[in-house]
Amino acid sequence: MGTTYGVVVPSLPPGVERAAVEAAIADVLSEADRSLSGWNEHSELTRFNGSRSSDWQAVSPALFDAVSQAR
């Protein structure tokens, strides 16, 4: 979404693998891209903004929360 990020994990809990943490972070970022990206032409936000309908539209909790906070 036009930005960078960094994650610092000083130490992993016993039994937690680095790959699992990396996969969890990638999942969260992928979900954000699918729901909230203004850059992704297939994201929920882009489809919502491109809609010509003035009818009520169901949205994901992530999009609802983001719009609520933005307001």
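As the structure is a prediction and not an experimental result, all values here were calculated from the model. (Residues numbered from 1 in each chain as written. Predicted model: local features only at pLDDT ≥ 70, side-chain atom pairs only at ≥ 80, totals over all residues. Heavy atoms only, no water.)

1. Some details on the side chain of Ser37
Part 1 of the reasoning: Tracing the backbone shows Ser37 in the loop between helix H1 (18-36) and helix H2 (44-50).
Part 2 of the reasoning: Residue classification places Ser37 among the buried residues on the basis of a relative accessible area of 0%.
Part 3 of the reasoning: Side-chain polar atoms of Ser37 contact the backbone nitrogen of Trp39, separated by 3.0 Å. (Helix = DSSP H or I, 4+ residues; strand = E, 2+ residues; numbered from the N terminus. Buried < 20%, exposed > 50% of the residue type's maximum accessible area, 1.4 Å probe, protein only. Polar contact = N/O pair within 3.5 Å; in protein donor to acceptor, adjacent residues only side chain to side chain.)

2. Let's talk about the confidence of the model for the chain
Part 1 of the reasoning: Chain-level pLDDT for the chain is 91 on average; 99% of the residues reach the 70-or-more range.
Part 2 of the reasoning: Per-residue pLDDT, averaged within each element of the chain, yields its smallest value for helix H3 (residues 61-70) (91) and its largest for H1 (93). (pLDDT = per-residue confidence, 0-100.)

3. Description of the pattern of salt bridges
Part 1 of the reasoning: In this structure the tally under the stated criterion is 2 salt bridges.
Part 2 of the reasoning: Of the charged contacts in the structure, one is a salt bridge between Glu22 and Arg18, with a shortest N-O distance of 2.7 Å. Here Arg18 and Glu22 lie together in helix H1, a separation of 4 residues that amounts to about one turn.
Part 3 of the reasoning: Accessibility expressed as a relative area gives 60% for Arg18, which makes it exposed.
Part 4 of the reasoning: With a shortest N-O distance of 2.9 Å, Glu31 and Arg34 are connected by a salt bridge. Here Glu31 pairs with Arg34, and both are found in helix H1, just 3 residues apart, close to one helical turn. (Salt bridge = Lys/Arg side-chain N within 4 Å of Asp/Glu carboxyl O.)

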